[in-house]
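Letter by letter, the chains look like this.
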Amino acid sequence: MVPNTMGSETNIKLPFSFIIFSLVALVLSQILVLVNGQMLVDGSFRIPAIWSAAHLLVLGWALMVAMGAMYQLVPVAFLTKIWNEKFGFVQFFVTAIGIASFSWMLYVSPQKALVPGIFMLLGILMFLFQMFMTLRKQAKPNILTAFVGSALVCLFLTIFLGITLIFSLQTGFAAQFYQAIFKSHLLMGVTGWFTLLIFGFSYKMAPMFSLSHGFPMIHARYVYGLYMAGLAVTLISFFNDNSYLLKSGFFLLFAGFSVFTWHVSIIIKKRLKKKLDHSFSYALGAIGLGNLIHLAAFIALWTDHFSILIGPLVYLYLLLWIVLSIMGYLFKIVPFLWWTYKYSKEMGKKAVPSLKDVMNEKVVVPFFSVFVIAVLAVFLSIIFKSILLFNIGQFVLSIVFVAIALTILGVLKK
Amino acid sequence: MNVKEKVIEALRSVYDPELNINVVDLGLIYHVDVTVENDVNVTMTLTTPGCPLHDSITTGVRYAVQGIEETRNVDVNLVWEPAWSPEKMTPEGLRLLGR
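Everything numeric here is computed off the predicted structure, so don't read it as measured data.

Colleague: Describe the domain arrangement of chain A, listing the residues and the values that go with them.
Modeller: Residue and element names in this part refer to chain A. With domains assigned, chain A is organised as domain 1 (11-140) and domain 2 (308-341 + 354-414). On a C-alpha basis, the centroid separation for the pair domain 1 and domain 2 is 18 Å. Taken together, the contact pairs 25 residues of domain 1 with 28 residues of domain 2. Our count for the contact surface shared by domain 1 and domain 2 stands at zero salt bridges. Viewed at the interface, domain 2 and domain 1 are joined by one residue pair in polar contact (both at pLDDT 80 or more). Top contributing element to the side of domain 1 that touches domain 2 by residue count: helix H1 (residues 13-35), with 10 residues.

Colleague: Break down the interface of chain A and chain B for me, with residues and values.
Modeller: Across the contact, 32 residues belong to chain A and 36 residues belong to chain B. Buried surface at the junction of chain A and chain B, summed over both partners, amounts to about 3000 Å²; 62% is from carbon and sulfur atoms. In this assembly, chain A and chain B are joined by two salt bridges. We note a salt bridge from A:Lys332 to B:Glu18, for which the minimum N-O separation is 3.0 Å. Linking chain A with chain B are seven residue pairs in polar contact (both at pLDDT 80 or more). Sort the elements by how many residues they give to the side of chain A that touches chain B and helix H11 (residues 306-343) of chain A lands first, with four residues. Among the residues forming the side of chain A that touches chain B, the class breakdown is 14 nonpolar, nine polar and nine charged.

Colleague: Break down the sheet that holds strand S4 (residues 40-44) of chain B for me, citing the residues and quoting the values.
Modeller: Residues and elements named next belong to chain B. With mixed pairing, the three strands of this open sheet are ordered in space as S3-S4-S5. Edge positions in the sheet fall to strand S3 (29-34) and strand S5 (74-78), since each has one partner strand and no second. The average angle at which neighbouring strand axes cross in this sheet is 15°, direction not considered. The pairing of S4 with S5 spans five bridges and is classified as parallel. Bridge assignment links Thr 43 to a residue of S5, and that residue is Asn 77. Across the sheet, helix H1 (residues 3-11) touches S3 and S4, and the angle it forms with S3 is around 145°.

Colleague: Now, about unusual backbone geometry: what can you tell me, with residues and values included?
Modeller: B:Glu81 connects to B:Pro82 through a cis peptide bond whose omega is 0°. The phi torsion at A:Asp241 lies on the positive side, around 55°, for a residue other than glycine. Its location among the elements puts A:Asp241 in the loop between helix H8 (219-240) and helix H9 (243-269). Using a relative accessible area of 69% as the deciding quantity, one classes A:Asp241 as exposed. A positive phi is found at A:Lys385, a non-glycine position, where the angle reads about 50°.

Colleague: I'd like a description of the side chain of A:Thr195, backed by residues and values.
Modeller: Residues and elements named next belong to chain A. With respect to the secondary-structure elements, Thr 195 resides in helix H7 (residues 178-210). For Thr 195, a relative accessible area of 0% gives the class buried. Within the local environment of Thr 195, its side chain forms a polar contact with the backbone oxygen of Val 190, the two atoms lying 3.4 Å apart. Excluding residues within four positions of it along the chain, Thr 195 makes contact with Val 190, Tyr 227, Phe 257, Tyr 317 and Trp 321.

Colleague: Give a detailed account of the pattern of salt bridges, specifying residues and quantitative values.
Modeller: Following the criterion strictly, the structure yields 11 salt bridges over all chains and no others. Linking B:Glu18 and A:Lys273 is a salt bridge whose minimum nitrogen-to-oxygen distance equals 3.5 Å. Within this pair, whereas B:Glu18 is found in the loop between strand S1 (15-16) and strand S2 (21-22), its partner A:Lys273 is found in the loop between H9 and helix H10 (278-300), the two belonging to separate chains. Here the two residues B:Glu18 and A:Lys273 agree in accessibility, since each one is buried. One connected set of salt bridges, linked through shared partners, spans A:Lys273, A:Asp277, A:Lys332, A:Lys356 and B:Glu18.

Colleague: Explain the confidence of the model for chain B to me, and be specific about the residues and the numbers.
Modeller: Within chain B, residue pLDDT values average 92, and 100% of them lie at 70 or more. Taking the mean pLDDT of every element in chain B, the minimum, 91, falls on helix H2 (residues 54-66) of chain B and the maximum, 97, on S4(B).

Colleague: I'd like a rundown of the nonpolar core, residues and numbers included.
Modeller: Residues and elements named next belong to chain A. The biggest cluster of nonpolar side chains holds 183 residues, and the ones touching the most others in it are Trp 61, Trp 193 and Phe 371. It is H11 that contributes the most residues to this core, 24 residues altogether. Beyond its immediate sequence surroundings of up to four residues, Trp 61 is in contact with Ser 22, Leu 23, Ala 25, Leu 26, Leu 56, Val 323, Ile 326, Met 327 and Leu 330.

Colleague: Could you give an account of a nonpolar patch on the surface, naming the residues involved and the relevant values?
Modeller: Residues and elements named next belong to chain A. Together, Leu 125, Val 153, Phe 156, Leu 157 and Phe 160 give the surface a local cluster of nonpolar side chains, amounting to about 420 Å² of exposed area. Within the fold, Leu 125 resides in helix H5 (residues 114-135). Take Leu 125: its relative accessible area is 33%, and that puts it in the partly exposed class.

Rules behind the numbers
Residues numbered from 1 in each chain as written. Chains lettered and ligands numbered in written order. Predicted model: local features only at pLDDT ≥ 70, side-chain atom pairs only at ≥ 80, totals over all residues. Heavy atoms only, no water. Domains from an automatic or database assignment. Contact = heavy atoms within 4.5 Å. Salt bridge = Lys/Arg side-chain N within 4 Å of Asp/Glu carboxyl O. Polar contact = N/O pair within 3.5 Å; in protein donor to acceptor, adjacent residues only side chain to side chain. Helix = DSSP H or I, 4+ residues; strand = E, 2+ residues; numbered from the N terminus. Buried area = accessible area lost by both parts, 1.4 Å probe. Nonpolar A, V, L, I, M, F, W, Y, C, P; charged D, E, K, R; others polar. Pairing = 2+ DSSP bridges. Axes fitted to C-alpha atoms, helices over the stretch in contact; angles between N-to-C directions. Buried < 20%, exposed > 50% of the residue type's maximum accessible area, 1.4 Å probe, protein only. pLDDT = per-residue confidence, 0-100. Core = buried A, V, L, I, M, F, W, Y, C linked by side-chain atoms within 4.5 Å. Patch = residues over 30% accessible without salt bridge, like charges linked within 9 Å, V, L, I, M, F, W, Y side chains within 5 Å. Areas by Shrake-Rupley, 256 points an atom, 1.4 Å probe, with all protein chains shown as cover.

Given below as structure tokens:
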């Protein structure tokens, strides 16, 4: 028998700091979108308020949640402790100030966003350094390391390309490549960083939350190969403006995502836990939706409406794949963090609540269902240019986001 | 009831908070050894390496055994081999999972 005495618990104040900041950013981003609804419906995505809202949602909420979750999950998935927790707290403050000031500056004066952007970059670089130092201690790197490591590289590229965009806007540097850099920035951030990260951690969390055993892992290699090839080919197509390469890239991304969907379905079929938690079921549902959106984007490429459809499809991808996945897992991660903080020392001494008792699971189905419907309403309103539908959809979405944020924060009272 | 039986009974009060099944029915306890001086050694595993509840569950097991009046020193030995498998669960544990 091989003994293992390695603990895996992180100081919960660290992931919680990120998660609480993220919930505030989420609410603010929704208010900004609501106030600027008319411009979105008119197809004006590239306006300061939308830049600010998009970065608050993607960086303030999703990135901060991802960082917080990684501080908790990396020790779990890779069996190695966080390199330096104190450094983690410093990184939190630098990143939080950077993202807040960057989003504010994008709103009031985008040309002056370079300095806060550099501050934010510093915070993200500190995070990348922390993760690099942590992952290098891993005894046996595996396919999860490849997914998460590649996601971190994509995060670096996203930030680098984003800073290049601001620099280009300010000085005219590489102006002829502005469109290509902008598209690459989106590709690396949305499909590179977030998707690869969710893929990687899903391989740990899906079997854990469904208690699956005896499933094959070979498919993960094909997922990684196809998706990485798709990212590379699509990236190259942006710079040489080759439509065949773009189509090939989109097909590879779709193929990689499809194999991932198939693989997760194999894992879930091998589960012991017959009835899955609702929030986890929605996270699984998000995989199917992400797959459909990849297919829709590939099909749209063959039509004359691609330039009109791609903006709304990116919106759909962000909300129904990335945000829904993160929210689904957040309903599992936050109760765990709070339970560990409050009850782990009481275990074995007296009766303690289960994780299900800590989070109000009853709200999941109504909240998440309304969320999906509201996102679809906003998507259709942008396609059909209906301000009424947009206002209704976005209003409901903002309310649901706030309700979800308050439900998650409500865990702290249990 | 001898000390070993009391230890196993006490371990039934330690639950995996995610699955809400106790560590005995979940098949996590491999051996319970009690010496003549009533020192207890519990050899156990978890359902997956790197389980985030690693520290909580092993500490819970220790506290539960220490709570028995007759026991003296308690040692909890966490092992990954042989790996946990569903076959190690009791019929009650499987029933609680809906199987």
